[in-house]
Amino acid sequence: MGILDRLSSLMGGGKKKGGIGDLVKTLVNEFDGVEGLIAKLREAGLSEQVDSWIGNGANAPISPERVTDALGSDTVADVADEMGVGFDQAAQRLSMALPRLIDRVTPEGKVPEGGLDLGKISDLLGGGSDR
């Protein structure tokens, strides 16, 4: 299964307007990398959830409303536009995808040394078995 298939699966749909790869690239670029995205979520009061996603145990859920509060309405609206779906559906997909995405790109319970660029994200999502 290729990177776009993996990302599509994580986001809960097929290839949409703009492409799933473009969507993840947009999110990662929006927050200056995965580390920035994690920091943004922590700043929004989601440290407990983020810690569960990074850790090796079960991933704590996050509601679409909390995703919207954490990332901002403008970001969710951009995701909706990128995916060609409504705002609420984009928030729902993000709430399902973010825990899995962060879980997959933080093997061994931490962000890899040197950070994560899109190439490393592609490698982590494209290989290995599901945790």
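Since the model is a prediction, treat every value here as computed from it, not as a measurement.

Student: Give me the confidence of the model for the protein chain: which residues, what numbers.
Tutor: Per-residue confidence for the protein chain gives a mean pLDDT of 76; residues scoring 70 or more make up 65%. Per-element mean pLDDT across the protein chain ranges from 47 in helix α1 (residues 3-11) up to 96 in helix α5 (residues 64-71). Segment residues 1-8 is flagged for pLDDT under 50; beyond a separation of four residues in sequence, or across chains, it makes 21 contacts in the model. This model gives residues 127-131 a pLDDT under 50, and the stretch forms 16 contacts once residues within four places in sequence are excluded.

Student: Got a sec to walk through helix α7 (residues 87-104)? Specific residues and values, please.
Tutor: For α7, which comprises 18 residues, the first-to-last C-alpha distance of 25 Å matches the rise-based estimate of 26 Å (1.5 Å per residue) to within 8%. Of all the bends in α7, the greatest reaches close to 35 degrees and is centred on A97; the proline P99 follows between one and four positions later.

Student: Just give me the short version of the pattern of salt bridges, but keep the residues and values in it.
Tutor: Where charged atoms from two side chains of opposite charge approach closely, those side chains can pair. In this structure the tally under the stated criterion is one salt bridge. For the salt bridge of D51 with R42, the shortest nitrogen-to-oxygen distance reads 2.7 Å.

Student: Account for the environment of T68, naming residues and giving values.
Tutor: Within the fold, T68 resides in helix α5. Here the alpha-carbon distance between T68 and A90, two residues 22 residues apart in the chain, equals 9.6 Å.

Conventions and cut-offs
Here the residue numbers are simple positions, counted from 1 along each chain's written sequence. At least 70 in pLDDT is required for a residue's local features to be given in this predicted model, at least 80 for side-chain atom pairs to be given and counted, and no such filter applies to totals for whole chains, interfaces and linings, which use all residues. Based on all heavy atoms of the structure, the side-chain values leave hydrogens and waters out of the count. One confidence number per residue, pLDDT, is output by the predictor and ranges from 0 to 100. Helix and strand assignments follow DSSP, with helices taken as H or I runs no shorter than four residues and strands as E runs no shorter than two, numbered in order from the N terminus. Throughout, a residue-residue contact means that at least one pair of heavy atoms, one from each residue, lies within 4.5 Å. Multiplying 1.5 Å by the helix residue count minus one yields the expected span of that helix. Axes are fitted to the seven residues ending at a residue and to the seven starting at it; the angle between these axes is taken as the bend at that residue. Whenever a carboxyl oxygen of Asp or Glu lies within 4 Å of a side-chain nitrogen of Lys or Arg, that contact is scored as a salt bridge.

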